[in-house]
Amino acid sequence: MAIVHMKNIVKRYGSHLALDHVDLDIGEGEILGLLGPNGAGKTTLIHALAGIVGFDSGEINVFGKEQQTNLMDIKRQIGLVTQEITVFTDLSAQENLEFFGGIYGLKGEKLKERIDETLAFVGLTEHANKLPTKFSGGMQRRLNIACALVHQPKFLIMDEPTVGIDPQSRNHILETIRQLNEQGTTILYTTHYMEEVQNLATRVVIMDKGHVIADGTIPELVHKIQHEEKIKLEVEEPSDMLLEKLRKLEGVKQVSLHGKEIHIISQVGAGNLDRALSIAKDFGEIRSVSAEKPTLEDVFLTLTGKRLRDREEE
Ligand SMILES: Nc1ncnc2c1ncn2[C@@H]1O[C@H](COP(=O)(O)OP(=O)(O)OP(=O)(O)O)[C@@H](O)[C@H]1O
């Protein structure tokens with residue numbers, strides 16, 4: 001059963017079309033990974049869904065209810081973890097949770113119980129009385145998540161919850177997501193980390209330039225480009241001219257550079273392995289060559305023409 005139904009959503013910022021007729025359904029119990037290059041419209045989509053920003057046209061239903069006319073009711077059942085950490089720096093971890101729990105109508109014993117449970121769940125019990133300014137980046141992110149969880153939402157939306165944190169905190173957060181889902185929470189989250197999506201998501205949606213350009217399970221998406229192969233060519237001197245020549249080969253869809261390794265996404269059977277080798281030979285020594293089936297990262301690259309890690313490499 002779909003708990004979210006978005007149809008034909010259009011959102012403009014001035015003349016810029018941030019969401020261009022987006023359709024998206026989210027099924028109960030899913031972990032939906034939302035991927036897209038910078039500026040694709042992921043945050044705008046999430047904010048429109050959570051009722052943080054309005055939209056110009058289209059229809060959103062959440063839990064079977066029309067969103068605009070049932071906003072407060074819907075918000076009570078949603079948890080939103082924003083990209084920026086939105087905790088109060090002059091309140092302790094516990095006081096932050098008291099505040100956010102109070103907003104959602106929790107009080108007395110129930111509030112206290114939920115605060116204790118939530119702090120334990122994100123591993124911050126021992127730090128309950130400390131100010132977030134004394135926390136590491138990862139602990140702050142965990143508190144940020146706790147504030148969105150204290151009211152036990154049925155549907156949790158997370159905007160890049162693991163960006164810029166140490167691997168241990170990241171694993172902790174991923175485990176938190178997994179456990180919440182096992183307990184029945186539906187989760188939508190955006191990330192720039194392909195491994196996270198591969199490990200966690202039950203379905204993936206890829207956005208680019210305000211459009212949903214792919215939607216399916218990982219095997220389904222990989223299957224879409226099954227008729228393609230990835231040729232990896234490690235060369236001594238990967239010049240721009242060499243890359244340009246490779247791009248011009250018939251059947252080649254993408255050429256990208258990773259250190260000294262050139263990745264070529266090409267149609268299977270186009271004979272481009274031999275052609276690429278013979279071109280590369282003219283540009284110097286070839287260190288290694290291989291051909292393999294595409295991965296989800298390649299699906300992303302083929303569909304958007306961009307690498308997912310642009311942001312980290314900036
Ligand atoms: N408040 C705003 N005013 C004007 N333009 C905006 C505003 N918010 C977003 N945009 C523009 O809308 C487009 C989509 O932005 P959005 O933040 O939704 O993308 P994103 O996919 O979340 O990107 P990122 O991965 O960098 O967070 C971008 O071109 C952005 O510059």
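Since the model is a prediction, treat every value here as computed from it, not as a measurement.

Cut-offs used in this document
Residues numbered from 1 in each chain as written. Predicted model: local features only at pLDDT ≥ 70, side-chain atom pairs only at ≥ 80, totals over all residues. Axes fitted to C-alpha atoms, helices over the stretch in contact; angles between N-to-C directions. Helix = DSSP H or I, 4+ residues; strand = E, 2+ residues; numbered from the N terminus. Parallel < 35°, antiparallel > 145°, perpendicular 65-115°, else oblique. Left-handed = near helix turned anticlockwise from the far one by under 90°. Contact = placed C-beta atoms within 7 Å. Nonpolar A, V, L, I, M, F, W, Y, C, P; charged D, E, K, R; others polar. Pairing = 2+ DSSP bridges. Domains from an automatic or database assignment. UniProt positions renumbered as here; feature names shortened; annotations may be inferred.

As for the packing of helix α3 (residues 93–103) against helix α5 (residues 137–149)
In contact at an axis separation of 8 Å, α3 and α5 are set at 30° when each is read in the N-to-C sense. Relative to α5, α3 is oriented roughly parallel. The interaxial crossing formed by α3 with α5 has right-handed handedness. On the side of α3, the interface is formed by Ala93, Asn96, Leu97 and Phe100, while α5 contributes Leu143, Ala146 and Cys147. Looking at the contact of α3 with α5 residue by residue, the classes come out as six nonpolar, one polar and no charged.

Some thoughts on the pairing of strand β13 (residues 261–267)
Bridge analysis of strand β11 (residues 228–235) against β13 gives seven bridges, and the strand direction is antiparallel. Bridge pairing links Leu233 to Ile262 in β13. As judged from the six bridges shared by strand β12 (residues 252–258) and β13, these two strands associate in the antiparallel manner. The residue bridging Gln254 from the neighbouring strand is Ile265, located in β13.

So, the domain arrangement of the protein chain
The domains assigned to the protein chain are domain 1 (2–221) and domain 2 (227–293). Between domain 1 and domain 2, the C-alpha centre-to-centre distance is 40 Å.

Some words on the packing of α3 against helix α4 (residues 108–121)
Packing of α3 against α4 brings their axes to within 10 Å, and their N-to-C directions diverge by 125°. As summarised for this structure, α3 and α4 are arranged oblique, according to the angle between their axes. In this structure, α3 meets α4 at a crossing whose hand is right-handed. Of the residues in α4, those in contact with Ala93, Gln94, Leu97, Glu98, Gly101 and Gly102 of α3 are Leu111, Arg114, Ile115, Thr118 and Leu119. For the contact of α3 with α4, the per-class residue count stands at five nonpolar, four polar and two charged.

Focus: the UniProt feature "domain: ABC transporter" (unreviewed entry) in the protein chain
Following the UniProt record, the feature "domain: ABC transporter" (unreviewed entry) maps to residues 4–234 here. Along residues 4–234 the backbone is 35% helical and 29% strand, and the end-to-end C-alpha distance reaches 45 Å.

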